Structures are given as C-alpha cells and as structure tokens.
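# Geometric and topological summary
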2 protein chains.
Amino acid sequence: MINFDNNHPTCEHCTFSPFCTIEEKNSRWMSQINRAVKQHYHLKKNEVLYLPQNTFRNIYAIQRGNLKTYQVDADGNELIRGFYFSGEVLGFEAIYTRHYLFSAVALSDSVICEIPYDNFLELLHLSPPLQKHILYLMSQQLNVGSYLFSITAEQRLAAFLIDLSYRLNPSEMQTTFLLPMSRQDIGNYLRLTAETISRLLSQFKENKIIAIDHKKIEFLQLEQLKLIADMNDGRCKI
Amino acid sequence: MINFDNNHPTCEHCTFSPFCTIEEKNSRWMSQINRAVKQHYHLKKNEVLYLPQNTFRNIYAIQRGNLKTYQVDADGNELIRGFYFSGEVLGFEAIYTRHYLFSAVALSDSVICEIPYDNFLELLHLSPPLQKHILYLMSQQLNVGSYLFSITAEQRLAAFLIDLSYRLNPSEMQTTFLLPMSRQDIGNYLRLTAETISRLLSQFKENKIIAIDHKKIEFLQLEQLKLIADMNDGRCKI
DNA sequence: CGCCGTATTGAGCGCTCTCAAGCTAGGTGG
DNA sequence: CCACCTAGCTTGAGAGCGCTCAATACGGCG
C-alpha cells in the first residue's frame, strides 16, 4: 500500500507532493487521495509506461527513476520529446488529444504513481490550492526545454547539462552527477548526432569546463558553462 | 462595455468562449464574469501587450488580431517564441514564474481581453467544466510548435504553413490566406534565416506546391505539402 | 517622386552530418 | 580467470545544408 507520510523519502521532492500530502489530512481527504492515487508501477529499464494511441486515462508522477518520451515517425525514426526525472509528472500533453502522443519508457528502474484523470479533476475541484499548484506545474512544463531554441550545438548541450543538474536533484544543484541517458539519446533530444555530443563533451573536457568519465560528469567551471549556454552566435540582430 | 452575447461574432471562435459564454447564465455568474474579464485593450501594430519582468497578473485572450512573443538575449538578438491568433490565449507560461518571460507585441491591430489571474482561479473553482476546459487549453499549448523538432528547413516551413492555415481560421482549414508576419519573423521562429524562408517559398512555388504573391499564399497541393512536413531525412534509424 | 524597409537571388563558407574505423567497458560462457 | 562479444563511445575525413555577406528589386508611404 502507498505510504502517504509527509516524510516519506521518495515523496519528499515530488512536485506532486501537495497532491498526496496536502495540509488537510482528515479522513475524508485521505479516502479521496486513496481513490485518486490508484497504484504504483515498478518499471525495469526499457519497460514501457504508455504507448501512443493508448487512450488517455491517467497522469503519472515519477516517485523514483528516469523516463524518456518519444515519437516514432513513418520512417521508423525515434524522436525524443522529453526526459522526466524523480518527482516530475508525465501525461499532461495527452489531456488535449484524449490519447497519448508519445511512447514513455524507463531509462532506469523506476517507480511510478498512477493518477486517473477523472479522480484528478475531482480532487482539483475539492482543493483550490491544489488546483493552483497544478496550473503552476503545467505552466512550468510550457517552458521546459527552451534551450532547444538555441542555435549552436555548443549552446544546446551546455544548457541541457545545466538543466539536467538542476532537475536530477531539485533541492540543491549538483556539480557532480551521472548522466541517466546515452549520448545517442542526448543527441536525439537536442536534434544533434551522438558523434556531435561526443565531440562537444570532449571539447568541454579539453577546455577544463567539465570533467567527464563515461556517465560521470562534473562541472569544473559552472559560470563558463552558463556563459556558453547563454552565448549567442550573433545572428538575428534587431 | 463587453458584449457577452453568445453570438458576438468576435467571440464565436475564441478558445476562451466557455469562459465568457458558459451555459449557466444566471445573474450571479454574469457578475462573476464581469469581475473576471476586466477590460479590452485595443493594440495597434507593433504595440506592446506585456514585457518580460512585468509582474504576472493577467492572462489574455485575443478577440481579434495577431501577436508574437519573443525574448531578447544579452546580445540584443530577438528570439520569437510563438505566434498567437484570434481566439487564442497568452500568458500561461508566466503562471510558473510570476512574471512574464517574453515580450508580447501586436503584428496587426488587435483587440485583447484581459483576465486577472486571481479572478480566473476563482472562476475555475466555481465551474468544473471551465476548469476542465482550461486544462485542455494548456495541454494543447504543450504541443504547439512541435514541428520545431523537425530537422530540415523544408519540413519545418511546410509544417508551419499548415499549422498557420488551421489556426488562422479554426472553423475550417483555409487554402488561401494572408501571412500575418514577415519572412524575417517566420525565419526567426523556425530558427532559419529570412533568406532561407524566401528561397524555400520560391522553391515550393517553382514546384507548384503553393502559389505565393507577397503576403498572399495559396496551397495548390496540400497533400504534397503535408508529405513534406512529415517527411524525414532518414536520420536516427532505430 | 524619392525614401526605406522588406523580399529575392547569388556566391562562398562553415557547422554539423555522414560514413567509417577503432576503442572501451561490461557481460557471457568456457 | 580469460577470450570473446556487443553496445556504446570516440575520433577522423569528407560532404552538404543552411548561414553570411552582398547586390538588386519591389512596394508602401510620406
């Protein structure tokens, strides 16, 4: 059964925690919650959470683990649309179409909370603070991956790494962490090739901006990295 | 004063119309609405609706006209983040940060409905169908501009033109319409140069896929255009 | 009519892709 | 324990798409 304790370590940094641990902890509310958060899935690496064309019925909060979402086009090419980490929420994009648009698969062993959308709507109505919080989360998702608008490969990768460091550990920014995905997946997401990612990581390493050894990465000059991320190549002058 | 008549021509295709013309038309509801939709702005071409760093207080529905949102980076380069047309809603991206992230300016003379966010939240709580509708709209915005993920310039422009034709006239897809923005703005939005846009439009015209004369564009082979938009260049085979 | 912003078209260049060849780490089986 | 195998990563050389720079044409507006 689900542990709704406020101090449950795996819920501590979940962006959905107001949903599960909201202040009014009376029995009626808890029974509502128990109806809302239906079950936990345990996914092993490469296992599927949902597939495109599946009817949209639930949104999902990641209690622990990492996932990616992707489309497959007519030619069979995979296009990664997002990465999701502990405490983040998947499925909002499917409210609109009533079916999922992407495939969602685990990048590592993961635990997922399933929340049926109908229960979700009902709870939102019962709790204005929760309603406000959900609009906040969706607004946040509107701005995720804004660095994909950057032009050069260097900018996009630098911004991606910084974003990753924040999202992997929401409580405090980490300068050392493990990349949860392959070079191939990073490249696919940033619309670059794995070779370009590999070359750029080597270049950053060469310039002592990062240290990198396989999946383990460390920021040596965070400010320099931020500079690269914000840096513009001089196009589009007003 | 605002005309809340259901048949008001300018509200007919507004995605926000449930907000203003929702079924329960009792006096209490109308007074709520009157408090919610605060006023209408009349913007002339190039006039500003909001600026980055302005405190977020309102969301805006476009009653008539076209707007663009953009960022300006440290080097003074403009980066267009979105186009918005009659009946669409701006400002959701600012809920999260409590201040606007972009500049919003009119591409043509426009009329805008201003809805204070606090009133908006209150109304959502009063009307579950409205709450559901807003989640629908925000979910929709999560998927806007997905063609920016396409790789080739040809793909991106073709998908942009198709998207435009739907959004300029939500009730029925138009094969002939006027481009509301410059080549420069299209290029900026698609992360291409104005020269590339110009060359591609000429190429589509050469291939009899579209007819184009200045701002006036006509789809001659819509299916072919859709094929180009979906077409992949063969990268990222699984 | 003359001005100026916008659009078109051309020539050359550079960034990123493609293709290809090694390399490394981790897993498997003998 | 080691030989092998495979997937992922690195690195190099060449090609191509879209950018840069530049010249010209067009059109709206005073």
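Values in this document were obtained by computation on a predicted structure and should not be read as measured data.

### Considerations on the relation of the copies chain B and chain A
- Of the transformation superimposing chain B on chain A, the axial component is 0.0 Å and the angular component is 180°, with the fit at an RMSD of 0.0 Å. Here the two chains are linked by the operation of a two-fold rotation axis.
- Comparing interface residues between copies, 100% of those in chain B also lie at the interface in chain A; the contact surface is shared.

### With respect to unusual backbone geometry
Residues and elements named next belong to chain B.
- In this structure, Arg98 is a non-glycine residue whose phi angle is positive, near 65°.
- Relative to the helices and strands, Arg98 resides in the loop between strand E6 (89-90) and strand E7 (103-106).
- Non-glycine residue Arg191 carries a positive phi angle of around 60°.
- Take Arg191: it is sitting in the loop between helix H6 (183-190) and helix H7 (194-206).

### Looking at the UniProt feature "domain: HTH crp-type" (unreviewed entry) in chain A
- The feature "domain: HTH crp-type" (unreviewed entry), as given by UniProt, occupies residues 151-223 of chain A in the numbering adopted here.
- Between the end C-alpha atoms of residues 151-223 of chain A the distance is 20 Å, and the span holds 52% helix and 15% strand.

### Things to note about the interface of chain B and chain A
- Taken residue by residue, the interface counts 44 residues in chain B and 44 residues in chain A.
- Roughly 4400 Å² of surface becomes buried between chain B and chain A when both sides are summed, with 60% attributable to carbon and sulfur atoms.
- Counting the surface chain B buries against chain A, the share from its top three residues, B:Tyr96, B:Leu142 and B:Phe149, is 17%.
- Across the contact surface, chain B and chain A share zero salt bridges.
- Where chain B packs against chain A, one counts 13 residue pairs in polar contact (both at pLDDT 80 or more).
- When residues of the side of chain B that touches chain A are traced back to their parent elements, those giving at least two are strand E5 (78-85), helix H3 (117-126) and helix H4 (128-143) of chain B.
- Element by element, the count of residues in the side of chain B that touches chain A is highest for H4(B), at twelve residues.

### Structural notes on the sheet that holds strand E9 (residues 176-178) of chain B
All names here are of chain B.
- Across the sheet, three strands lie side by side as E9-E11-E10; this open sheet has antiparallel pairing. Two strands close off the open sheet at either side, each with one partner strand: E9 and strand E10 (210-213). Averaged over all pairs of adjacent strands, the angle between their axes in this sheet comes to 15°, without regard to strand direction.
- Running over the sheet, helix H5 (residues 153-168) touches E9 and strand E11 (216-219) and is turned about 90° from E9.

### Overview of the pairing of strand E3 (residues 58-64) of chain A
Residue and element names in this part refer to chain A.
- In terms of residue burial, E3 counts as a mostly covered element, since six of its seven residues are buried.
- Pairing of E3 with strand E8 (residues 110-116) involves six bridges; the strand directions are antiparallel. Paired with Ile59 across the strands is Ile115, a residue of E8.
- Relative to strand E6 (residues 89-90), E3 is paired through two bridges, and the arrangement is antiparallel. Within the sheet, the bridge partner assigned to Ala61 lies in E6 and is Val89.

### Focus: the packing of aromatic side chains
- Evaluated as defined, the whole model comprises 24 aromatic pairs over all chains.
- Between the aromatic rings of A:Tyr136 and B:Tyr96, the centroid separation amounts to 5.5 Å while the plane-to-plane angle is 75°, which identifies the pairing as edge-to-face. Of this pair, A:Tyr136 sits in helix H4 (residues 128-143) while B:Tyr96 sits in the loop between E6 and E7, each in a different chain.
- Looking at A:Tyr136, the relative accessible area reads 33%, which means it is partly exposed.
- Look at B:Tyr96 and you get partly exposed, because its relative accessible area is 27%.
- Ring plane angle 75° and centroid distance 5.6 Å describe the contact between B:Phe56 and B:Tyr100, whose orientation is recorded as edge-to-face. Linking B:Phe56 in the loop between strand E2 (48-50) and strand E3 (58-64) with B:Tyr100 in the loop between E6 and E7, this pair joins segments that are 44 residues apart in sequence. An identical accessibility class is assigned to B:Phe56 and B:Tyr100; each is buried.
- An aromatic cluster is present here, built from A:Tyr50, A:Phe56, A:Tyr60, A:Tyr100, A:Tyr117 and A:Phe120 joined pairwise through their rings.
- The ring of B:Phe149 carries A:Arg81 above its face, with NZ or CZ at 4.1 Å from the centroid.

Cut-offs used in this document
Residues numbered from 1 in each chain as written. Chains lettered and ligands numbered in written order. Predicted model: local features only at pLDDT ≥ 70, side-chain atom pairs only at ≥ 80, totals over all residues. Heavy atoms only, no water. Least-squares fit on C-alpha atoms with pLDDT ≥ 70 in both. Contact = heavy atoms within 4.5 Å. Helix = DSSP H or I, 4+ residues; strand = E, 2+ residues; numbered from the N terminus. UniProt positions renumbered as here; feature names shortened; annotations may be inferred. Buried area = accessible area lost by both parts, 1.4 Å probe. Salt bridge = Lys/Arg side-chain N within 4 Å of Asp/Glu carboxyl O. Polar contact = N/O pair within 3.5 Å; in protein donor to acceptor, adjacent residues only side chain to side chain. Pairing = 2+ DSSP bridges. Axes fitted to C-alpha atoms, helices over the stretch in contact; angles between N-to-C directions. Buried < 20%, exposed > 50% of the residue type's maximum accessible area, 1.4 Å probe, protein only. Phe/Tyr/Trp six-rings, centres within 6.5 Å; stacked < 30°, edge-to-face > 60°. Lys NZ or Arg CZ within 6 Å of the ring centre and 35° of its normal.

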